[in-house]
Amino acid sequence: MNNRIYLFDTTLRDGEQTPGVNLNQDEKVEIALRLEKLGIDIIEAGFAAASPGDAAAVRAVAKAVTKPLVVSLARTNKEDIDAVINAIGDFDNTGIHIFIATSPIHRERKLGMTKEQVLEKAAESVAYAAKHFSHIEFSCEDATRTELEFLSEVAEKVIEAGATVLNFPDTVGYTTPTEYIKLFEYVKANTPGIEKVRLSCHCHDDLGLALINSISSIGAGVTQVEGCINGIGERAGNVALEEVAALLETRKDYYGKETGINLVEIARTSKLVSRLTGIAIPPNKAVVGGNAYSHSSGIHQDGVIKDKSTYEILKPETIGFTETKLVMGKLSGRNALKKRFEKLGYTVGDEQLKEIFSKYKNLADRKKEIFDEDIIALLETQPSKDQSYIYNFKDFSLHILPDNQYRAFVNIVHQDGSVIEGIGEGNGPIDAIYKGIDTAISIPDTELIDYKINSISKGKDSIGEVFVKVRSKGSLYQGRAINVDIIVASADAYIDAINRISAHSEDYSTI
Ligand SMILES: CC(C)(COP(=O)(O)OP(=O)(O)OC[C@H]1O[C@@H](n2cnc3c(N)ncnc32)[C@H](O)[C@@H]1OP(=O)(O)O)[C@@H](O)C(=O)NCCC(=O)NCCS
Ligand SMILES: CC(C)[C@@](O)(CC(=O)O)C(=O)O
């Protein structure tokens, strides 16, 4: 019996539907390369018809990775399918993912279509795609609120038309494990040709059931699980794929399934996705949370000292968590730094090492103790700055005014080399600098709606990591930056968000 479970990662598509997450092409490629190292089988890289930028990113991902299959989402229309063909139809390692909603509420209220029309669209679009792709996944959106007989009818028609994977998403996170199992059992028993295709689950976490629903469906014959790293995604998110992988591995005795996942890559992948999406990992998050391997109460600590297995079912090192170790000092050399990166699982080229080494020396001048987390942070060029990044923070000066008010003078370098100056006053240094940035770069209808600061490692001189969320013309954008100086990190994070807004619109002016 084949025990292999295929993992389908949609961090770059459903994950990007998380409010406020916008990934540029370089960031999508960086995540895809990590997913490849992690051992993901299928990467959903985007929705090619959504925008020319998304189509280009899907293509860039297909070009960058070799092992995983790369797919793009498409509606059941020729234009969407053509967008996928144009983006990735000429690669060998690609496929398409076509969907249409099947539930009564979606048919009637959203699509304005009858069952017959949905059936026809589904079959027609899969037949058209089959002329270009041999891997065709078909999803019945809102499957868990669809009449079971109708699901089988759709499944039969799309299999006849050439679908190779059938996905029954719990689009709104509504189903229960027992109901989800019944759905798959019904479809298996009532759909001619079903044995020819792979069955897939795709669970959202609106009621916190995404993991149990996904795992339960495996018991009903599902061999592909879809999800996102860190459980991001539309609304409450998708199932966290690292949780699926860690569960199947830790309880192999119970489930008896294999995945292609290289568990030791989990922590690195999770951190990268958090960094690039600007979504912090909650400390109590299963598998990858900062507290997941900490033991705080006496009886637990006593047990762990005597034998770690008393309270640890998964070893932190198994998923690639490194202990916070004091690593190196001001006088360490290039080779020691390179070795350290290798030990932490990062490959650093000679050119990159040169650049990082000078950053390392700067950091060592400013920070007494350097930890593993600090040197991993050095790998980050400040938020990925592709050609669409127009503004770079240069410097600032701050003046304390009476009544605890601050005045900030800020300088921002434009892509064309000119320096834009801004002045702002506010209740604190960051408020003043943000107002200064607002006067330098004028973006109408924009407001800061969230600001968070974390420390990357230990100690009072730790590197600060700032996350911001900015709303502009009704859309949310993230920004993130790190620096030993938290005021610089704050300014950089805000400018990162402004660059992401500007990349989406060409009509913003500077004054
Ligand atoms: C895809 C996108 C370019 C379409 O834009 P649009 O053509 O202006 O259409 P809207 O988004 O306003 O509305 C969606 C339309 O698609 C239809 N539709 C929805 N799902 C469909 C499907 N699976 N197959 C065919 N048509 C579908 C809707 O009924 C609606 O049609 P209508 O305009 O006749 O009412 C745009 O919505 C977008 O960029 N979306 C981002 C990606 C996204 O939505 N992802 C969610 C994945 S489920
Ligand atoms: C394409 C499909 C699997 C989808 O992701 C579509 C969607 O985003 O609604 C879902 O959750 O049903």
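Residues numbered from 1 in each chain as written. Chains lettered and ligands numbered in written order. Predicted model: local features only at pLDDT ≥ 70, side-chain atom pairs only at ≥ 80, totals over all residues. Heavy atoms only, no water.

Within an unreviewed UniProt entry, the label attached to the protein chain reads 2-isopropylmalate synthase, and the organism entered is Peribacillus faecalis. Regarding the protein chain, the UniProt comment filed under Pathway (unreviewed entry) reads as follows: "Amino-acid biosynthesis; L-leucine biosynthesis; L-leucine from 3-methyl-2-oxobutanoate: step 1/4." (UniProt positions renumbered as here; feature names shortened; annotations may be inferred.)

Participant: Quick question: what am I supposed to make of the overall build of the protein chain here?
Facilitator: Regarding its fold elements, the protein chain presents 17 helices and 18 strands. Taken over the C-alpha trace, the protein chain has a radius of gyration of 25 Å; the compact-globule value for 511 residues is 24 Å, and the two agree within 12%. Its C-alpha atoms give the protein chain principal-axis dimensions of about 75 × 65 × 45 Å. The proportion of buried residues among the 511 residues of the protein chain is 54%. (Helix = DSSP H or I, 4+ residues; strand = E, 2+ residues; numbered from the N terminus. Rg over C-alpha atoms; globule rule 2.2 N^0.38 Å. Buried < 20%, exposed > 50% of the residue type's maximum accessible area, 1.4 Å probe, protein only.)

Participant: Could you clarify how one ought to interpret the UniProt feature "binding site: Mn(2+)" (unreviewed entry) in the protein chain in this entry?
Facilitator: With numbering matched to this structure, UniProt assigns "binding site: Mn(2+)" (unreviewed entry) to Asp 14, His 202, His 204 and Asn 238. Of the residues just listed, which span 225 residues, no C-alpha pair is farther apart than 10.5 Å, and they cluster in one region. You can see His 202 is positioned in strand 7 (residues 198-202). Side chain to side chain, His 202 and Asp 14 meet in a polar contact 3.1 Å long. Looking at the secondary structure, you find Asn 238 in the loop between strand 8 (224-227) and helix 9 (241-250). Sequence-distant contacts of Asn 238, that is, excluding residues within four places in its chain, are made with Thr 10, Asp 14, His 202, Cys 203, His 204, Ala 210, Gly 227, Cys 228, Gly 231, Ile 232 and Gly 233. One polar contact links Asn 238 to Asp 14, side chain to side chain, over a distance of 3.3 Å. (Polar contact = N/O pair within 3.5 Å; in protein donor to acceptor, adjacent residues only side chain to side chain. Contact = heavy atoms within 4.5 Å.)

Participant: So what exactly am I meant to see when it comes to the packing of aromatic side chains here?
Facilitator: Any two aromatic rings considered together are summarised by their centre-to-centre distance and by the angle between their planes. Under the counting rule described, the total for this entry stands at eight aromatic pairs. For the ring pair Tyr 293 and Phe 321, a centre distance of 5.5 Å and an interplane angle of 65° mean the geometry is edge-to-face. One end of the pair, Tyr 293, is in the loop between helix 11 (266-277) and helix 12 (298-306); the other, Phe 321, is in the loop between helix 12 and strand 9 (326-328), with 28 residues separating them in the sequence. With a centroid separation of 4.2 Å and an interplanar angle of 10°, the aromatic rings of Tyr 434 and Tyr 494 are classed as stacked. (Phe/Tyr/Trp six-rings, centres within 6.5 Å; stacked < 30°, edge-to-face > 60°.)

Participant: What's the story with the nonpolar core in this structure? I'm lost.
Facilitator: Inside soluble globular proteins, nonpolar side chains tend to come together where they are buried. Leu 7, Ile 96, Phe 138, Leu 166, Phe 168, Phe 184 and Val 225 are the most contacted members of the largest nonpolar core, which totals 90 residues. By residue number, the principal contributor to this core is helix 6 (residues 148-161), which donates seven residues. Those residues in contact with Phe 168, other than ones at most four positions away along the chain, are Cys 140, Ala 143, Leu 151, Ala 155, Tyr 180, Leu 183, Phe 184, Val 187, Leu 199, Ser 200 and His 202. Grouped together as the second largest cluster of nonpolar side chains are 29 residues, Ala 408, Ile 433, Ile 437 and Ala 489 included. (Core = buried A, V, L, I, M, F, W, Y, C linked by side-chain atoms within 4.5 Å.)

Participant: Before we go on, may I ask you to explain the sheet that holds strand 7 in this structure?
Facilitator: Strands in a sheet are paired, the pairing made by backbone hydrogen bonds, and the direction either parallel or antiparallel. Within the closed barrel, the eight strands sit side by side as 1-2-3-4-5-6-7-8. Their pairing is parallel. Averaged over all pairs of adjacent strands, the angle between their axes in this sheet comes to 25°, without regard to strand direction. In this structure, strand 1 (residues 6-9) lies alongside strand 8, joined through four bridges in parallel fashion. When the bridges of strand 8 are listed, Leu 7 appears paired with Val 225. (Pairing = 2+ DSSP bridges. Axes fitted to C-alpha atoms, helices over the stretch in contact; angles between N-to-C directions.)

Participant: Would you mind showing me how to read the site of ligand 2 here?
Facilitator: Lining the immediate surroundings of ligand 2 are Arg 13, Asp 14, Gln 17, Leu 73, His 97, Ser 139, Glu 141, Asn 167, Pro 169, Thr 171, His 202 and His 204. The separation between an oxygen atom of ligand 2 and a polar side-chain atom of Thr 171 is 2.6 Å. Contact with the protein chains covers 92% of the free accessible surface of ligand 2, which is 310 Å². Taken together, the residues that form the shell around ligand 2 break down as two nonpolar, seven polar and three charged. (Near = heavy atom within 4 Å. Areas by Shrake-Rupley, 256 points an atom, 1.4 Å probe, with all protein chains shown as cover. Nonpolar A, V, L, I, M, F, W, Y, C, P; charged D, E, K, R; others polar.)

Participant: Is there a simple way to think about helix 8 (residues 210-219) in this case?
Facilitator: Counting buried residues along helix 8, seven of its ten residues qualify, which places the element largely inside the surrounding structure. Of the positions making up helix 8, those classed as buried are Ala 210, Asn 213, Ser 214, Ile 215, Ser 216, Ser 217 and Ile 218. Residues of helix 8 that are buried sit in contact with helix 7 (177-190), strand 7, strand 8, helix 9 and helix 10 (252-255). Two residues or fewer past helix 8, Gly 221 is found with a positive phi of approximately 105°.

Participant: Sorry, what's going on with the site of ligand 1 here?
Facilitator: Residues in contact with ligand 1, as listed here, are Arg 13, Gln 17, Phe 47, Ala 49, Ala 50, Leu 73, Arg 75, Thr 76, Phe 99, Ile 100, Lys 110 and Leu 111. A distance of 3.5 Å separates a nitrogen atom of ligand 1 from a polar side-chain atom of Gln 17. Measuring from an oxygen atom of ligand 1, one finds a side-chain N or O atom of Arg 75 at 2.8 Å. Mapped onto the shell around ligand 1, the elements with two or more residues apiece are strand 4 (94-101) and helix 4 (104-111). Residues of the shell around ligand 1, tallied by class, amount to seven nonpolar, two polar and three charged.

Participant: Is there a simple way to explain the layout of surface pockets in this structure?
Facilitator: Empty pockets left among the atoms are what a rolling probe the size of a water molecule brings to light. Taken as a whole, the second largest pocket encloses approximately 650 Å³ of empty space. Every element with two or more residues in the lining of the second largest pocket is listed here: helix 1 (25-38), helix 2 (52-64) and helix 17 (486-503). In terms of residue count, the dominant contributor to the lining of the second largest pocket is helix 2 (five residues). Grouping the amino acids of the lining of the second largest pocket by side-chain chemistry returns ten nonpolar, nine polar and six charged. (1 Å grid on protein atoms, 1.4 Å probe; cavity = no way out; pocket = protein on both sides within 12 Å on 5 of 7 lines; lining within 4 Å. Points joined across faces, edges and corners; volume = space filled by probe spheres on them.)

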